[in-house]
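# Remarks on the overall topology
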Amino acid sequence: MEAKWYEDGLKMIEELTSNAEQIQDDLLKDILSRNAGTEYLRRFLHGQPDKQLFKKNVPIVSYEDLKPYIDRIANGETSNILLAEPITGFFMSSGTSGGQPKLMPVTAEVDQLWAIFRTLYESPVMKYFGDINQSGKRMEFMFARPEIETPSGLKATSVTTSIFKESGFRATLPKLYTSPVETIFCPETQQSLYCQLLFGLIQRGEVVMVGSFFAATVLRAIKFLENHWQEMCSDIKTGQISHRITDTGCRNAASLIMKPNPALADLIEDICNSKSWEGIIKKVWPKAKYVGCICTGVMGQYTTELEFYSGGLPLVSALYASSEALCGINLEPVCKPSDVSYTFLPNMSYFEFLPVKNDGNESIEMRSNNEVTETVDLVNVKIGHCYELLVTTSRGLYRCKIGDVLRVTGFHNNVPQFQFVERQNVAISVDQEKTSEADLFKAVTEAKALLDPIGFILTEYTSYADISSAPGHYVLFWELKEKEDNHYTEPDPKIIVECCLRMEESLHYTYKIYRKKNIIAALEIRVVKQGTFEALMDYYVSKGASFSQYKRPSCIKSKEALKILDSRVIGKFFSPKPPL
Ligand code: AMP
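Quick look at the structure, then. Everything quoted here is computed from the prediction, not taken from an experiment. (Residues numbered from 1 in each chain as written. Predicted model: local features only at pLDDT ≥ 70, side-chain atom pairs only at ≥ 80, totals over all residues. Heavy atoms only, no water.)

## As for the overall build of the chain
The secondary structure content of the chain amounts to 21 helices and 22 strands. Taking 25 Å as the expected radius of gyration for a compact globule of 580 residues, we find that the chain reaches 25 Å, a close match to that expectation. Across its three principal axes, the chain shows a C-alpha extent of roughly 85 × 70 × 45 Å. The buried share of the chain, taken over its 580 residues, is 56%. Considering only intrachain contacts with a sequence separation of at least 6, the fraction spanning at least 24 residues in the chain is 69%. For the chain, the computed accessible surface area is about 24,900 Å², with 51% contributed by carbon and sulfur atoms. Across the chain, 64 positive and 72 negative side-chain charges occur, with their mean positions spaced 2 Å apart. (Helix = DSSP H or I, 4+ residues; strand = E, 2+ residues; numbered from the N terminus. Rg over C-alpha atoms; globule rule 2.2 N^0.38 Å. Buried < 20%, exposed > 50% of the residue type's maximum accessible area, 1.4 Å probe, protein only. Contact = heavy atoms within 4.5 Å. Areas by Shrake-Rupley, 256 points an atom, 1.4 Å probe, with all protein chains shown as cover. Lys, Arg positive; Asp, Glu negative; His and termini not counted. Charge placed at Lys NZ, Arg CZ, Asp CG, Glu CD.)

The following block contains the structure:
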């Protein structure tokens, strides 16, 4: 019998993970021999593609260090100042460096690499659920972003958009997915989401998987359905799409697929009308086998709610990747999100690991800041240890930190498996935007200037991503002190409201766009009683944090810590309008 495609994928995973050391060495040799003569590497390697020299001389960098080179290329200089392969464009990350999107050079090999990566991350999933490509369609929520043209004429786009544009993917779209291409490329997110849900409802009998790249998007879609199912049912009944959809592409796609179906509309109405939406995904899409989306890292905050809606369907986080590099896959797709580990693929990039001090449950913000510069190779990391990931690629990144901290949980053959611990320097995030400690600090600094004229100072602050209602919002806990002791007269509420707005105005571009599009709700400041932050510190110290090295977390993740803060709130204030 002919081997199923995913069996070939599984075989390939075994081969790759058994020969990891050799594959990594060969990959590095290949990258160095192709790129040793570039302006960037020449200074360190003097033209010699040698691993020892590479480790000794090439500096460990962050994106910011390579940015001047990337900017020169984006502004029209030849790309071989950084990489030998001609570049075809840029990837724009979702904004991990201080909240601002980063540009990553892209070469022709990327599409091919993604295709291999997709085969490899989907193989374990198919092994478990069977070849879903043969049994039905995926209802995956997909949103392309507009491309930006750099001064060099090269286009910058997100990784996901580039996947949606790829011809191989587009060819499979009608057979494998419920969303027509027009809905994915619709520039209006709300209209796109409406249509993708509507088409998913119309094809409900065929849907074998519900998902998106990240958990936040799936949750957002379900909440959107909660608010719009009546309108969608009315569309299904009449076979006419709602007038709210003005996008021509979406309307055209609808005209091809929609015809009056009162029986289906009644059925969906019955399901959605129930008092509780617990298990709604399974009820609406009864053939769905799993919910596919990344539920680890910052997305872990959404799993409880997603489990509520999914009705026992497994939540499958299949891959770990970034705009910089494709990294790992999940070999046990049905394990609990909190237990997911990613097995690294040695053929995707050259990986190095910087040891990071992480004592058990302490947050990374609390670790000592001793700089470590000795890296560990992929096959030599140690179980239980935490590392910051560095990647070297043929696309111009050499020993570049991607800003993620990972913990080794085990090995598959010779390859380590990593649990995602957290992002370095990201303080708060409610959707896909990422706000760093530095962003938050800047915004707080701008806002607290308003307190000065009324005689108050801000003594302590921290933040919390409140996602208990949709859309989520930023909460800032502020402890205030009067400059002169007047036995704590209350600050003027109007000023604190203004502080909320000032903070929003001072946050980064992505935040403001999301806020304007109502993907993020109004920022809130909760003023807490004096002494609250002392109580918070006492709590962390009681949990084992070092008193002398204690650093207040800039974002609260622990429920107990949140309780301490919330129980001392004396006033809540919201930003009155989206920032300009
Ligand atoms: P981007 O910068 O937009 O390319 O996003 C990539 C970042 O998303 C990674 O560096 C991680 O911080 C995060 N990420 C991607 N995949 C996962 C995953 N499976 N689990 C946790 N975080 C992830």
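## Quick word on the nonpolar core
Formed by 92 residues in total, the largest nonpolar core has its most connected members in Leu82, Phe344, Phe353 and Leu389. Ranked by size, the runner-up nonpolar core spans 83 residues in total, among them Cys195, Leu198, Phe456 and Ile525. (Core = buried A, V, L, I, M, F, W, Y, C linked by side-chain atoms within 4.5 Å.)

## Digging into empty space enclosed by the protein
To locate leftover empty space, one rolls a probe as large as a water molecule over the atoms. Counted under the stated rule, the structure contains four cavities of 30 Å³ or more. Size it by volume and the largest cavity reaches roughly 310 Å³. For the largest cavity, the lining is made up of 23 residues, of which Tyr121, Glu122, Glu140, Met209 and Leu319 are closest to its centre. Looking at the lining of the largest cavity, the elements with two or more residues in it are helix 6 (109-129), strand 3 (137-140), helix 8 (159-165), strand 6 (207-214) and strand 7 (290-294). Counting residues per element, the lining of the largest cavity draws most heavily on helix 6, at five residues. Its residues assigned to classes, the lining of the largest cavity shows 16 nonpolar, three polar and four charged. Of the pockets and cavities examined, the second largest cavity occupies roughly 140 Å³. Lining the second largest cavity are 14 residues, with Ala216, Arg220, Tyr302, Val430 and Gly472 sitting closest to its centre. Top element by residues in the lining of the second largest cavity is helix 12 (residues 215-238). It accounts for four residues. Grouping the constituent residues of the lining of the second largest cavity by class yields eight nonpolar, two polar and four charged. (1 Å grid on protein atoms, 1.4 Å probe; cavity = no way out; pocket = protein on both sides within 12 Å on 5 of 7 lines; lining within 4 Å. Points joined across faces, edges and corners; volume = space filled by probe spheres on them. Nonpolar A, V, L, I, M, F, W, Y, C, P; charged D, E, K, R; others polar.)

## Some details on the sheet that holds strand 11 (residues 342-344)
Here we have eight strands laid out as an open sheet, ordered 9-10-11-16-15-14-12-13, and antiparallel in their pairing. The open sheet has two free edges, formed respectively by strand 9 (319-321) and strand 13 (376-377), since each of these has just one partner strand. Most of the contacts of helix 6 go to strand 10 (residues 326-329), to which it runs at about 10 degrees, and overall it touches strand 9 and strand 10. (Pairing = 2+ DSSP bridges. Axes fitted to C-alpha atoms, helices over the stretch in contact; angles between N-to-C directions.)

## Considerations on the environment of Tyr194
With respect to the helices and strands, the residue Tyr194 is situated in helix 11 (residues 189-202). Setting aside its immediate chain neighbours within four residues, Tyr194 contacts Phe224, His228, Glu231, Met232, Asp235, Ile241, Ser242, Arg244 and Ile245.

## Remarks on helix 18 (residues 493-506)
Every α-helix carries 3.6 residues per turn, so stepping three or four residues along brings you back to the same face. Between the first and last C-alpha of helix 18 there are 20 Å, a value that for 14 residues agrees with the 20 Å anticipated at 1.5 Å per step. Among all positions in helix 18, only Ile495, Ile496, Cys499, Cys500, Leu501, Met503, Glu504 and Ser506 are buried. In this structure, the buried side of helix 18 is in contact with helix 17 (437-448), strand 20 (473-482), helix 19 (509-516), strand 21 (524-528) and strand 22 (569-574). (Expected span 1.5 Å × (residues − 1).)

## With respect to the side chain of Thr435
Tracing the backbone through its elements, the reader meets Thr435 in strand 18 (residues 435-436). A polar contact of 2.7 Å, which involves the side chain of Thr435, links it to the side chain of Tyr474. (Polar contact = N/O pair within 3.5 Å; in protein donor to acceptor, adjacent residues only side chain to side chain.)

## Thoughts on the sheet that holds strand 22
The strand order 19-20-21-22 describes an open sheet built from four strands, whose pairing is mixed. Looking along the sheet, the strands with just one partner apiece sit at the ends: strand 19 (456-466) and strand 22. Here the average twist between neighbouring strands, direction ignored, is 25 degrees. As judged from the five bridges shared by strand 20 and strand 21, these two strands associate in the parallel manner. What sits directly across from Phe477, in strand 21, is Arg526.

## Concerning the packing of helix 11 against helix 12
It is the contact of helix 11 with helix 12, at a shortest axis distance of 9 Å, that shows an interaxial angle of 65 degrees. Between helix 11 and helix 12, the angle is such that the two are roughly perpendicular. Crossing hand, helix 11 versus helix 12: right-handed. Along its contact with helix 11, which presents Gln190, Leu193, Tyr194, Leu197, Leu198, Leu201 and Ile202, the element helix 12 presents Arg220, Ala221, Phe224, Leu225, His228, Glu231, Met232, Asp235 and Ile236. Tallied by class, residues from the contact of helix 11 with helix 12 come to 11 nonpolar, two polar and three charged. (Parallel < 35°, antiparallel > 145°, perpendicular 65-115°, else oblique. Left-handed = near helix turned anticlockwise from the far one by under 90°.)

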